[in-house]
Amino acid sequence: MLRAEHLSFRIGEKTLIDDVSLRLTPGEFTMVLGPNGAGKSTLLKLLTGTETPQHGQVWYGDRPLPSIPLATQARQKGVLSQLLSLPFDLSVADVVMMGRYPYFDLNPTAQDKHVADDCLASVGMLTFKTRAFASLSEGEKQKVHLARVLAQLHRPAGDESVKYLFLDEPISALDILYQHQILSLVQTLASQTMVVFVIVHDINLALQYARTVILMDQGRIHGMGSPDEVLTADAIEAVFQLRPYFLTHPGTGRRVMIC
Ligand SMILES: Nc1ncnc2c1ncn2[C@@H]1O[C@H](COP(=O)(O)OP(=O)(O)OP(=O)(O)O)[C@@H](O)[C@H]1O
């Protein structure tokens with residue numbers, strides 16, 4: 001369980017996050033939506049310890065986040081942010097192996113290499129292993145970074161510790177096939193005692209995949225709950241200033257939004 005109580009965060013005169021409290025349960029796929037500038041990425045930074053709130057606290061399990069040693073955090077928390085460029089000339093394999101740094105001293109073990117290959121394969125990028133990372137397309141880079149974070153959170157058989165996965169717009173550069181493949185993969189991970197917090201802009205993907213939705217507006221949580229509870233026409237109009245319509249998907253019966 002991840003718990004945040006009364007988080008507030010200001011920069012200068014601007015309040016980016018205003019008294020936000022939430023609980024994220026392992027096994028639930030939580031998707032975060034809201035207009036540009038609503039505070040989604042800032043909330044992710046507070047929940048992961050990249051930024052420190054002026055007020056409020058974050059707990060992972062029963063421990064306040066700042067009290068957890070960084071080496072422990074590195075084994076339990078994976079973050080994929082929007083900044084995907086790397087300053088060095090690394091291969092794809094090197095980038096994914098960065099996810100294994102918390103697990104080995106000088107050189108990766110055969111097990112680390114095996115995990116890295118598995119994670120690359122899970123995002124469809126194993127055949128790119130020897131390519132220079134800088135030469136990849138933006139979508140390919142996004143998949144490799146996701147593989148790096150998955151390698152970081154890999155659990156050996158029998159390890160049932162809770163892991164925490166945070167993804168900031170992980171599918172923004174992906175084609176529709178990979179959007180669905182990656183979200184299906186993350187959905188499966190969420191069901192395996194993982195706290196999963198994913199920022200997306202596509203409301204239909206949230207309707208399809210999320211168990212819990214957080215709708216943010218102006219640094220606050222406008223609504224949190226099941227997609228059907230939170231993503232109503234009134235809530236979407238209030239937050240995005242655009243009245244949507246909902247149709248019924250002919251194949252699944254699920255709600256589909258059009259504007
Ligand atoms: N260093 C800063 N100084 C002042 N304002 C900032 C700073 N960093 C971010 N902000 C502002 O805080 C607000 C929230 O930003 P944030 O990146 O969290 O929004 P977001 O919901 O993730 O937006 P997007 O969907 O566009 O990625 C924005 O209005 C942004 O301009």
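It should be emphasised that the depicted structure is a prediction, and the values quoted were computed from it without experimental measurement.

Thoughts on the sheet that holds strand E4 (residues 55-60)
Backbone-to-backbone hydrogen bonds pair the strands of a sheet. The strands run either parallel or antiparallel. In spatial order, the strands read E2-E1-E4-E5; together these 4 strands make up an open sheet with antiparallel pairing. Both outer strands of the open sheet, strand E2 (14-24) and strand E5 (63-64), are each paired with one neighbouring strand and no more. As paired elements, E4 and E5 share 2 bridges and run antiparallel to each other. Paired with Trp59 across the strands is Pro64, a residue of E5. In the packing of helix H1 (residues 40-48) onto the sheet, contacts are made with strand E1 (2-11), E2 and E4, and the angle to E2 comes to roughly 60 degrees.

Examining the packing of helix H4 (residues 110-122) against helix H5 (residues 138-152)
Look at H4 against H5: their axes get within 8 Å of each other, and the N-to-C directions meet at 135 degrees. The pairing of H4 with H5 is recorded here as oblique in orientation. Note that H4 runs across H5; the crossing there is right-handed. Of the residues in H5, those in contact with Val115, Cys119, Leu120 and Ser122 of H4 are Val144, Ala147, Leu150 and Ala151. Taken together, the residues of the contact of H4 with H5 sort by class into 7 nonpolar, 1 polar and no charged.

Structural notes on the nonpolar core
A general trend in soluble globular proteins is that nonpolar side chains are found buried together. With 53 residues, the main nonpolar core has Phe29, Met31, Val144, Leu165 and Leu231 as its most contacted residues. Apart from residues no more than four positions distant in its own chain, Leu231 is found in contact with Leu33, Ile203, Ala206, Leu207, Val213, Ile236, Phe246 and Arg255.

Brief notes about the sheet that holds strand E7 (residues 163-168)
Strand order across the open sheet formed by 6 strands is E6-E7-E8-E3-E9-E10, with mixed pairing between neighbours. The strands lining the two open edges of the sheet, one partner per strand, are strand E6 (77-80) and strand E10 (220-225). Going from strand to strand, the sheet's axes swing by 15 degrees on average, the running direction of each strand aside. Here E6 pairs with E7 via 4 bridges, running parallel.

Rules behind the numbers
Residues numbered from 1 in each chain as written. Predicted model: local features only at pLDDT ≥ 70, side-chain atom pairs only at ≥ 80, totals over all residues. Heavy atoms only, no water. Pairing = 2+ DSSP bridges. Helix = DSSP H or I, 4+ residues; strand = E, 2+ residues; numbered from the N terminus. Contact = heavy atoms within 4.5 Å. Axes fitted to C-alpha atoms, helices over the stretch in contact; angles between N-to-C directions. Parallel < 35°, antiparallel > 145°, perpendicular 65-115°, else oblique. Left-handed = near helix turned anticlockwise from the far one by under 90°. Nonpolar A, V, L, I, M, F, W, Y, C, P; charged D, E, K, R; others polar. Core = buried A, V, L, I, M, F, W, Y, C linked by side-chain atoms within 4.5 Å. Buried < 20%, exposed > 50% of the residue type's maximum accessible area, 1.4 Å probe, protein only.

Taken by themselves, the reported measurements are silent on function.
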